[in-house]
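Breakdown of the fold
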Amino acid sequence: FNFKLTDPYQYLTEAKNIVEHGVFYCGNLSQPINFDLYTLRPPGYPLFLSVFYLLKAPLYVIIFFQNIISIASILLVRKTILLFNYKKKYDTLFICLLLLTPSQFIYANTIFSEVIIQFFIVLMFRYIMLFSKFKNKKYLLWYSIALVLAAFTKPVMYLFVVPSLLYMFYVSYK
């Protein structure tokens, strides 16, 4: 069996190509150009990685920062649900549920965009919940920014643009 994954290589290659050539291409530029590789990986995560490439940081530094982002996501979810009658006495259950989610720890320690997309989705959740509680339109702006960043990180998020747009029309009408 060949378990070699191409995603990390392509993300890192695109980050290198962004820094060295200013091109969003996830393949080796010294080989014949495959036009599919211009659009195979969206720019969000490679741009994140390009910061570390610029700093010449080793992979463990990227992994370290991804773990910080993963922890921040968890804490933001907890902080958000505390606003909606979540009781601190349920933290043991919260931690148990977290421990039963091994992907949270796996993706934080690999070169995949999942931790970044999770962070943007958590931000979207937080801002839409803050809007529903406080009715301040600035939260809709931050929600929209997080949605755009999520769409630039994982293409599947484009499917969420239409329901979000409909919700924005509803809020504007109301």
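The notes below deal with the structure included here. (Residues numbered from 1 in each chain as written. Predicted model: local features only at pLDDT ≥ 70, side-chain atom pairs only at ≥ 80, totals over all residues. Heavy atoms only, no water.)

1. Focus: the overall build of the protein
Quick reminder of the rule: Only runs of H or I of at least four residues qualify as helices and only runs of E of at least two qualify as strands under DSSP, and these elements are numbered from the N terminus. Whether a residue is buried, partly exposed or exposed follows from its accessible area with a 1.4 Å probe, protein chains only, as a fraction of its type maximum: under 20%, in between, or over 50%, in that order. Contact criterion: two residues are considered in contact whenever any of their non-hydrogen atoms come within 4.5 Å of each other.
In terms of regular secondary structure, the protein is built from 8 helices and 0 strands. Counting only C-alpha atoms, the protein reaches 55 × 40 × 35 Å along its principal axes. Counting only residues that meet the buried cut, the protein has 35% of its 174 residues in that class. In the protein, the share of contacts with a sequence separation of at least 24, taken over all contacts with a separation of at least 6, comes to 60%.

2. As for the packing of helix H3 (residues 59–82) against helix H4 (residues 91–99)
Counted only if it meets this: Only the stretch in contact is used when fitting a helix axis, every axis being a line fitted to C-alpha atoms; angles between N-to-C directions are given from 0 to 180 degrees. Should the near helix be turned anticlockwise from the far one by less than a right angle, the crossing is left-handed, and should it be turned clockwise, the crossing is right-handed. Three classes are used, and their members are as follows: Ala, Val, Leu, Ile, Met, Phe, Trp, Tyr, Cys and Pro are nonpolar, Asp, Glu, Lys and Arg are charged, and the others, Gly among them, are polar.
For the pair H3 and H4, the least separation of the axes is 12 Å and the interaxial angle reads 145°. Crossing of H3 over H4 shows right-handed handedness. Within the contact between the two elements, H3 uses Ile74, Val77, Arg78 and Ile81 and H4 uses Asp91, Phe94 and Leu98. When its residues are assigned to classes, the contact of H3 with H4 shows 5 nonpolar, no polar and 2 charged.

3. Some words on the packing of aromatic side chains
What counts is decided by this rule: Each pair of aromatic rings taken from Phe, Tyr and Trp, with Trp reduced to its six-membered ring, is defined by centres within 6.5 Å and is described as stacked if the planes are under 30 degrees apart, edge-to-face if over 60, and tilted in the remaining cases. Either the NZ atom of lysine or the CZ atom of arginine qualifies as a charge over a ring when it sits within 6 Å of the ring centre and within 35 degrees of the ring normal.
Counted by the stated rule, this structure contains 15 aromatic pairs. Judged by centre distance (6.0 Å) and plane angle (80°), the rings of Tyr107 and Phe112 are edge-to-face. Through successive ring pairs, a cluster of aromatic residues spans Tyr11, Tyr45, Phe48, Phe52, Phe64 and Phe65. In this arrangement the basic side chain of Lys135 is found over the ring face of Phe131, its NZ or CZ atom lying 5.7 Å from the centre.

4. Points about the packing of helix H2 (residues 44–54) against H3
What counts is decided by this rule: When an angle is under 35 degrees it counts as roughly parallel; over 145 it counts as roughly antiparallel; between 65 and 115 it counts as roughly perpendicular; any other value is oblique.
Axis separation between H2 and H3 bottoms out at 10 Å; the angle between their running directions is 125°. With respect to each other, H2 and H3 are oriented oblique. Seen from above, H2 lies across H3 with right-handed handedness. Contacts between H2 and H3 involve Tyr45, Phe48, Leu49 and Phe52 on the former and, on the latter, Val61, Ile62, Phe65, Gln66 and Ile69. Taken together, the residues of the contact of H2 with H3 sort by class into 8 nonpolar, 1 polar and no charged.

5. Focus on a nonpolar patch on the surface
Applicable threshold: Exposure above 30% relative accessible area and the absence of a salt bridge qualify a residue for a patch, where like charges join within 9 Å and nonpolar side chains (Val, Leu, Ile, Met, Phe, Trp, Tyr) within 5 Å. For every accessible area listed, the method is Shrake-Rupley and the probe measures 1.4 Å; residues are considered covered only by the protein chains on display. The term salt bridge refers to a pairing of a side-chain nitrogen on Lys or Arg with a carboxyl oxygen on Asp or Glu at a separation within 4 Å.
Together, Val19, Val51, Tyr53, Leu54 and Leu55 make up an exposed nonpolar region whose accessible area comes to about 450 Å². No other element matches the 3 residues that H2 contributes to the nonpolar patch. Here Leu54 is to be found in helix H2.

6. Focus on the environment of Arg126
Within the secondary structure layout, Arg126 lies in helix H6 (residues 114–134). Counting along the chain gives 53 residues from Arg126 to Ser73, while the straight-line C-alpha distance between them is 10 Å.

7. Side note on the nonpolar core
Put simply, the rule reads: By nonpolar core is meant a set of buried Ala, Val, Leu, Ile, Met, Phe, Trp, Tyr and Cys residues that side-chain atoms within 4.5 Å join together.
Judged by nonpolar contacts, the single largest core of 32 residues is most densely connected at Tyr45, Phe48, Leu49, Ile111 and Met124. Considering each element in turn, this core owes the most residues, 11 residues, to H6. Look past the residues within four positions of Phe48 in its chain and what remains in contact with it is Ile62, Gln66, Ile69 and Ile116.

8. A few points about the layout of surface pockets
Rules: Put simply, the grid is 1 Å and covers the protein atoms alone, a cavity is a trapped set of points that fit a 1.4 Å probe, a pocket is an open set with protein on both sides within 12 Å along at least five of seven lines, and lining residues have an atom within 4 Å of a point. Grid points are joined across faces, edges and corners, and a volume is the space filled by probe spheres set on the points.
One number sums up the size of the largest pocket: a volume of about 260 Å³. Lining the largest pocket we find Phe131, Ser132, Lys135, Lys137, Leu140, Tyr167, Met168, Tyr170, Val171, Ser172 and Lys174. A total of 5 residues in the lining of the largest pocket trace back to one element, the largest contributor, which is helix H8 (residues 161–173). Classifying every residue of the lining of the largest pocket gives 6 nonpolar, 2 polar and 3 charged. Volume-wise, the second largest pocket comes out at about 160 Å³. Lining the second largest pocket, in full, are Ser73, Ile74, Val77, Phe94, Leu97, Leu98, Thr101, Gln104, Gln118 and Val122. Those elements that provide at least two residues to the lining of the second largest pocket are H3, H4 and H6. For the lining of the second largest pocket, a count of residues per class yields 6 nonpolar, 4 polar and no charged.

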